[in-house]
Amino acid sequence: MTTQNPEFSMGRIEFVGLIAMMTATIAFSIDAMLPALPEIAAELSPEIAHRAPLILTAFVLGMGLGTFFSGPLSDAFGRRNVVFGGAALYSLSAFVAWMSNSLEVMLVARIFQGLGASGPRVVAVAIIRDLYQGREMARIMSVVMMVFALVPAMAPMLGAGIILTAGWRAIFIAFMAFSIISVIWMGLRLPETLPPESRRPLRARLIIGAVRELVGHPTVRLSILVQSLALAMLFSMIMLVQPIYDTVYGRGESFPLWFGGIAVVAASASLINALLVVRYGMRRLVSIAFGFQILLSGAMYFLNLGALPDPYGFAAFVFFQTCLFFQAGLTLGNLNAIAMEPMGHIAGMAASVVGAISTVLAALIASPVGLMFDGTTKPLALAMLLMASGAYALMLYMGRMENRQPAAAE
């Protein structure tokens, strides 16, 4: 399928690489900081060391707030302008964090860094929707997700390498370099994908109307709910996987290697999805993924496979973790495409609202799961079972609803 922009001449591989780099800004900005937390605590907050992880939540807070505004701004002023402005704020904030001598200054800088990072994150999805439709859009998103999935696997090791060679502050230099490279690449190679005649003025009345249209569309609304559950499953696993490796299986030291290896293997799910989605459709693949997760989570919980003698229990959990990461590659890109498909005329706003709502809901759902850890794998398995069942039921309802309509998001 050809793109909708006749001036677009960038090759598909290069386009996917650029979009993946833009979306990877979020994961890189969070995961690369993980190895630096002990040193940051020792230098900036020695009396209250447990405050150091706030640099992660501060970034997410800024990113979440920025997500609501990046889309409407890109609908009004163009995609490139918002990416350039966001990258400038991101880089300036990273510089302030690099120079900061107190945790409080760093937290403020990280909030603004998150605000800046939300621009590329949201606009990247809108750019895809500007240029592609339907299953072809889902194929592009799936490949982008495959590349994006490799970042969490590599970022902690990259951060550790930077700390070893240049100290923890050099991570912020890496953030600035990452952002500058992506902006130069986009500036030289990707033209504006939203022509002036298609832009929407930044007016409160129009924005409210667009939000009402978005949340009032049944398919979009259901897709957001399912996407929230899918993200909550991923967040829950990320929250509990390190304590499980350490406390349950005594493999805390080798956790980064296992985590990275599993993430690399699971990244192939997006490639498989890209190969299958055009033939079988987005909704069917998502339903199959959640159906399999119901069976696997049920077995983990009711048969308590994680409690088998070593190494069998550990092997069962590694398989469980791999399948959950694999599931993300089969669902998140498709669900985003389903939500975006009817909203091409307000793609920026749609990308903002879908991303913001699903992320906030997922965090609210996953947070209690992190408090349920009791030294076993059963609370996590139960949470996965419940969320997968809810997501599967919503997908079935979406299918029945679309079958009653002349056009479905297939």
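See the structure shown above.
Residues numbered from 1 in each chain as written. Predicted model: local features only at pLDDT ≥ 70, side-chain atom pairs only at ≥ 80, totals over all residues. Heavy atoms only, no water.

**As for the overall build of the chain**
And step 1. When helices and strands are counted, the chain shows 15 helices and zero strands.
And step 2. Burial statistics for the chain: of 410 residues in total, 53% are counted as buried.
And step 3. Residue pairs at least 24 apart in sequence account for 87% of intrachain contacts in the chain once pairs closer than 6 positions are excluded.
And step 4. Carbon and sulfur atoms form 70% of the exposed surface of the chain, whose accessible area is close to 17200 Å². (Helix = DSSP H or I, 4+ residues; strand = E, 2+ residues; numbered from the N terminus. Buried < 20%, exposed > 50% of the residue type's maximum accessible area, 1.4 Å probe, protein only. Contact = heavy atoms within 4.5 Å. Areas by Shrake-Rupley, 256 points an atom, 1.4 Å probe, with all protein chains shown as cover.)

**Digging into the packing of aromatic side chains**
And step 1. Applying the stated criterion across every chain, the model contains 14 aromatic pairs.
And step 2. Where Tyr 245 meets Phe 317, the ring centres are 6.0 Å apart and the plane angle is 75°; that geometry is what we call edge-to-face. With Tyr 245 in helix 9 (residues 218-248) and Phe 317 in helix 13 (residues 312-340), this pair connects stretches of sequence that are 72 residues apart.
And step 3. Of the residues examined, Tyr 245 reaches a relative accessible area of 0% and is grouped as buried.
And step 4. When the centroid spacing of 4.9 Å and the interplanar angle of 85° are considered together, the rings of Trp 258 and Phe 314 count as edge-to-face. (Phe/Tyr/Trp six-rings, centres within 6.5 Å; stacked < 30°, edge-to-face > 60°.)

**Describing the nonpolar core**
And step 1. Counting residues in hydrophobic clusters, the biggest one holds 86 residues, and the most contacted among them are Phe 15, Ile 127, Ile 128, Met 237, Phe 317 and Leu 380.
And step 2. Not counting chain neighbours up to four residues away, the residues in contact with Phe 317 comprise Met 237, Val 241, Ile 244, Tyr 245, Tyr 249, Met 300, Thr 377 and Leu 380.
And step 3. Counting 35 residues, the second largest nonpolar core, distinct from the first, contains Ile 40, Leu 107, Ile 162 and Phe 178. (Core = buried A, V, L, I, M, F, W, Y, C linked by side-chain atoms within 4.5 Å.)

**Focus: unusual backbone geometry**
And step 1. The step from Asp 310 to Pro 311 runs through a cis peptide bond, and the omega angle for that step is 10°.
And step 2. By the secondary structure assignment, Pro 311 is in the loop between helix 12 (282-302) and helix 13.
And step 3. One non-glycine residue, Asn 304, lies in the positive phi region at around 50°.

**Quick look at the packing of helix 1 (residues 12-31) against helix 7 (residues 170-189)**
And step 1. Where helix 1 meets helix 7, the closest approach of the two axes is 10 Å, and the angle between their N-to-C directions is 155°. Here helix 1 is positioned roughly antiparallel relative to helix 7, judged by the angle of their axes. In this structure, helix 1 meets helix 7 at a crossing whose hand is left-handed. Taken together, the residues of helix 7 that come into contact with helix 1 (itself represented by Glu 14, Gly 17, Leu 18, Met 21, Met 22, Ala 24, Thr 25, Phe 28 and Ser 29) are Ala 174, Phe 175, Phe 178, Ile 181, Ser 182, Trp 185, Met 186 and Arg 189.
And step 2. Looking at side-chain class alone, the contact of helix 1 with helix 7 contains eleven nonpolar, four polar and two charged residues. (Axes fitted to C-alpha atoms, helices over the stretch in contact; angles between N-to-C directions. Parallel < 35°, antiparallel > 145°, perpendicular 65-115°, else oblique. Left-handed = near helix turned anticlockwise from the far one by under 90°. Nonpolar A, V, L, I, M, F, W, Y, C, P; charged D, E, K, R; others polar.)

Such coordinate-based values are descriptive only and should not be taken to indicate function.
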